[in-house]
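# Architecture and fold: a report
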Amino acid sequence: MGWEEKEFAAVFYSEPGVLGFLANVLSAFLAAVGNMIEPAEQPVVGTVITGVHLIVIGGFVQLVAGLLSFRKYDHLAATAFVTFAALWSSMGVLRILGATSFAASSATVVNATAATVINDATLPGLVSYACVAVVLSVTSATTNYVMPPVALTAAILLSFETVGLYHIWGKKVAFALEVVLVLIALYGATALLLKGVFQRWVIPGFGNAPFNVLLFGTKAGTSKSKSKEEEKKKNTKYAEPMGLGYLSNVPVAAIFAFHYLGFTESFPAATPWVGLALVSLIIASYYSFLRNDAFHCIMFGTQATFWLCQAAGLVAYSLTGEHDLRSPLLGTWAFLPTFALLVLVSLTKDKVTLVNNFVFALLSVAWFSVIPLAGAKYAVGGLCTALSVLSLYSSFANLINSVAEKPIMWVGSKFVAMTTLREGFQRFRCCRPAREISTDKDADGMCREDSADTLAFLSNAVAAWAALSGNVVHSAAVHMAWIVGAGILVQLLSALLSLKVKKTAKPAGMVYIASALMWGVWTLVRHSGYIFQNTSLGHHQDSLLVGVIVLMVINLGSMVSSCFVSKIWLVTTVLMEVVQVCLLLFTLDKLPSHLAEAFLGLLGVVCLYGAGTALLAAVLGVDVLPGRGPIWQVNTDTEEESSSGQLTIPTPSSKKTSGLRTIADLLDAGGVCGIPTDTVYALAASCKHPEAIKRIYHIKSRPAEKPICVCISHLGQLEAAQPGFSPLLWDFMRRCYPGGISCVVPKGDWLANLGLGDAVSYIGTSDSICIRVPDSTATAHLVSMTGPLGITSANPSGEPDSTHHDMVLSSLGDKIDGMLCDGPSNELVASTVVNCMKIDEVGISFFRVGCTPQERVEQLFAQAKEAVGQNAQLEASINSI
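Residues numbered from 1 in each chain as written. Predicted model: local features only at pLDDT ≥ 70, side-chain atom pairs only at ≥ 80, totals over all residues. Heavy atoms only, no water.

For the chain, an unreviewed UniProt entry supplies the name Threonylcarbamoyl-AMP synthase and the organism Branchiostoma floridae. Looking at the chain in UniProt, the text filed under Subcellular location (unreviewed entry) is "Cytoplasm". Under the UniProt heading Sequence similarities (unreviewed entry), the entry covering the chain gives this text: "Belongs to the SUA5 family." (UniProt positions renumbered as here; feature names shortened; annotations may be inferred.)

## Focus: helix α22 (residues 657-668)
With 12 residues, α22 extends 16 Å from end C-alpha to end C-alpha; this agrees with the ideal 16 Å at 1.5 Å per step. For α22, the full list of buried residues reads G659, L660, I663, A664, L666 and L667. The buried residues of α22 all sit within an arc of 160° when viewed along its axis, so they share a single face. Here the buried face of α22 lies against β1 (672-675), β2 (682-686), α27 (777-786), β6 (789-793) and β7 (818-819). Just downstream of α22, G670 is the residue with a positive phi angle, here 95°. (Helix = DSSP H or I, 4+ residues; strand = E, 2+ residues; numbered from the N terminus. Expected span 1.5 Å × (residues − 1). Buried < 20%, exposed > 50% of the residue type's maximum accessible area, 1.4 Å probe, protein only. Arc of directions from axis to C-beta. Contact = heavy atoms within 4.5 Å.)

## Describing the sheet that holds strand β9 (residues 845-848)
Pairing in this open sheet of nine strands is mixed, and the strands run β7-β1-β2-β6-β3-β5-β4-β8-β9 from one edge to the other. With one partner strand each, in any of the chains shown, β7 and β9 form the two edges of the open sheet. With two bridges connecting them, β1 and β7 associate as parallel partners. Paired with C673 across the strands is G818, a residue of β7. Contacts from α22 reach β1, β2, β6 and β7 within the one sheet, and its direction differs from that of β1 by about 145°. On top of the sheet, helix α29 (residues 854-880) reaches β4 (741-746), β8 (832-835) and β9; it is set at about 145° to β9, its chief contact. (Pairing = 2+ DSSP bridges. Axes fitted to C-alpha atoms, helices over the stretch in contact; angles between N-to-C directions.)

## Quick look at the packing of aromatic side chains
In this description, a pair of aromatic rings is defined by centroid distance and the angle of the planes. One pass over the full model with this rule turns up 29 aromatic pairs. Here F335 and F339 contribute two aromatic rings whose centre-to-centre distance is 6.3 Å and whose plane-to-plane angle is 25°, an arrangement assigned as stacked. Of this pair, F335 and F339 are both found in helix α10 (residues 335-346), four residues apart, which corresponds to roughly one turn of the helix. Ring geometry for F339 versus F360: centroids 5.2 Å apart, planes at 20°, classification stacked. Note that F339 is positioned in helix α10 and F360 in helix α11 (residues 351-366), a separation of 21 residues in sequence. The burial state of F339 is the same as that of F360; both residues are buried. Members of the aromatic cluster, connected to one another through ring pairs, are F256, Y260, F267, F306, W307, F335, F339, F360, W367 and W482. Over the aromatic face of Y238 sits the side chain of R71, whose NZ or CZ is 5.8 Å from the ring centroid. (Phe/Tyr/Trp six-rings, centres within 6.5 Å; stacked < 30°, edge-to-face > 60°. Lys NZ or Arg CZ within 6 Å of the ring centre and 35° of its normal.)

## Focus on the pairing of β6
Within β6, five of the five residues are buried, which leaves it mostly tucked inside the rest of the structure. Bridge analysis of β2 against β6 gives five bridges, and the strand direction is antiparallel. If you follow A685 over to β6, its bridge partner there is G790. Pairing analysis gives three bridges linking strand β3 (residues 709-711) to β6, with the strands arranged antiparallel. Bridge pairing links V710 to G790 in β6.

## Things to note about unusual backbone geometry
In this structure, the amide linkage connecting Y737 to the following residue, P738, adopts the cis form with an omega of -10°. Counting through the fold element by element, P738 comes out in the loop between α25 (727-736) and β4. A positive phi is found at D589, a non-glycine position, where the angle reads about 60°. Mapped onto the elements, D589 comes out in the loop between α19 (567-587) and α20 (595-620). Overall, the relative accessible area of 69% leaves D589 in the exposed class. In this structure, Q722 takes a positive phi of about 55° despite not being glycine. Along the chain, Q722 falls in the loop between α24 (715-720) and α25.

## Topic: a nonpolar patch on the surface
Residues F29, V33, M36 and I37 make up a contiguous nonpolar surface patch of about 340 Å² in total accessible area. With respect to the helices and strands, I37 occurs in the loop between α1 (17-36) and α2 (44-71). (Patch = residues over 30% accessible without salt bridge, like charges linked within 9 Å, V, L, I, M, F, W, Y side chains within 5 Å. Areas by Shrake-Rupley, 256 points an atom, 1.4 Å probe, with all protein chains shown as cover. Salt bridge = Lys/Arg side-chain N within 4 Å of Asp/Glu carboxyl O.)

## Regarding the nonpolar core
Nonpolar side chains in soluble globular proteins tend to be buried together. Residues F256, W307 and W519 are the most contacted members of the largest nonpolar core, which totals 175 residues. Looking at which element gives the most residues to this core, the answer is helix α9 (residues 294-320), with 16 residues. Judged by nonpolar contacts, the second largest core, of 53 residues, contains V710, L751, I771 and F846. (Core = buried A, V, L, I, M, F, W, Y, C linked by side-chain atoms within 4.5 Å.)

## Observations concerning the side chain of S459
Inspection of the secondary structure assignment puts S459 in helix α14 (residues 440-468). Given the relative accessible area of 0%, S459 is considered buried. Here Q491 takes part through its side chain, which lies 2.6 Å from a polar atom of the side chain of S459. Excluding residues that lie within four positions of it along the chain, S459 makes contacts with A486, G487, V490 and Q491. (Polar contact = N/O pair within 3.5 Å; in protein donor to acceptor, adjacent residues only side chain to side chain.)

Next up, the structure:
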């Protein structure tokens, strides 16, 4: 039946949580051993080995678990494991630095001071990650019972690790808490491992949670509804990385805040915290890219570039003995228009995102030393503090809303609709669109290309204007830090993103790599006096001259490749060739005064324009500024058409009995089919085939914790199963069915009478099941032929509901076994799901408000309650007689 798949669904991947929990077990154990021994008695070699193990096990191994959790579509676990990977790695690096400095402290007082500096640098990291762990503890309470105590214990022990920097008793308390963390995490790993082996929960802790977010109501004043035009197609094979991105900003901003407010003196000692948190931020940008989320990809990528440049500049200043806390490099100005554009686009997002980008825009201004700002370092410190607190709340809200897949925590509604902003730009567009988007696949590819383009242009602008700031030897380290950070590292990241898109993006990747190469050679040539200490340029002139000539030849190829990318890239590569000519003249000592500066400034302006056009195109989905189109178009239509193939599954009409019989036979044989209902289209599998129901998760990439409901043809089937419901529930269900209302009721032995058999394990939760009785003749007739069906909406998880059978065939046609075609659906949204688990005690609540308004459902419940009450009074009167 074509059950083979190119990729496995997230639910069928092995549980990476086992690896993550075990990494935490070993890391906490290593940290406990270190805290058990007095600092003066700890052997240097042993401490260094412990630090290395923390980096490898707590860092790398847990990072692997986090990346696998992203693929498993586990929002919280992916965020938690990557975050703790950065934490344990940073602690490992600082233990190594602390051990070496402590060993040297016995020789000189200066080295003893160095050990104190490392303690001070450890302080902001521990404090910020303790706050992060509290956020993870609260959010994980919505998924299971094990993660909350793990994260909460981590938060408390990090607090005592902070105390232990200055008082030895803090280390002892941290030791006890680390032992507790080992035991809890070991229990979690065991529970997940047993579940993977036996395919069911053997010991408690997972499968349910202290707080069920599905029972929480939608936050008033917050709307996540999108028009069909605004809805972006997301790659739901990956978890949402927004929580990780915001959490990664917390330690970075906190460390800068501590430094600028004067709580810590040496910034270089804190670079492990910053560097590893930036890795997490880049991972968030990367997974946003994989999900076709251009906005967050660009936002997190820009923030990572900003932090990287500022951190590299501060480290370079410290190494050269400078004390200016704000950067004199013009490269800082490149961030201001980028963040300003992000603020503009954030008007179409939520208010929390808008404020976050606005604070970054203020930071980019406050950090520039040319502006005479009194108390500048305190302004920067205050903004970083505000950003750290804001990022904590942003991560908490995004994680909760991601798990619930509805706006529970307040993030604020958008100020402007995406269509309004797009139409506003299109009014002033002075050219026709450079590219026509005809399909969702084209839109996805262009979204990714434009995301990579934005970061590539931005990094070139930052590097060009940083190089423009001069070639003063005493600040050469600062210049090199900015150019290497932005012009090389971020440029290579853009190349990686571009090469992940499709074959037509390879020319862009080649251009990005050539740009990174140019900035590497520029740094080597212009700062050769700093790199080759005590030697003049003449000693290396021949080698540098050959390198520049080779670079110019490579850039000629880059110019040709840019013709396949965009007109802006062609202008950019031409300017780069001119800059390389200036580099050649500099090598020959023939460079006219300020010639290179003029072209570097122009290069920065062009790249900023390119970053702006790419950002708007990526987020708005249309080219609103000229210069985006390629000069030569690469035609891949033939290749795509030949590989797409034609669908061969049966697609009978619901208007014919033979069509219903065809789909019924497929379902009885264990197939999965698309069927119409009285609301939107659904995927269906027979309850006689549990593996078919399990396969629905595979087809939709649906998380295992999102239950499937059971569909019956009429309420008489349910009555025959004798579930033992209360009179109130029966009366309410008779008023709801058939129709666009689904009732969640308690599970019981009566499900065997209904005909679910072994499928009961794959339908509903451990204690509840959702009953659906569609008001559709075709669906009712089909279910009467097959018996109860397990159904769920016929769309990839997280995407809009399918309102026509063509939408099902387009998105899932290559994965299902048949499609019962019924034309346009009767509704645009799915059914309203009502929680009837405690209908007699507390009444009803809502898991989801769909096609049937909440007011109508509450009206039906009031009528049922009144009718049952009247019947009870009547019976009481009769009995009294």
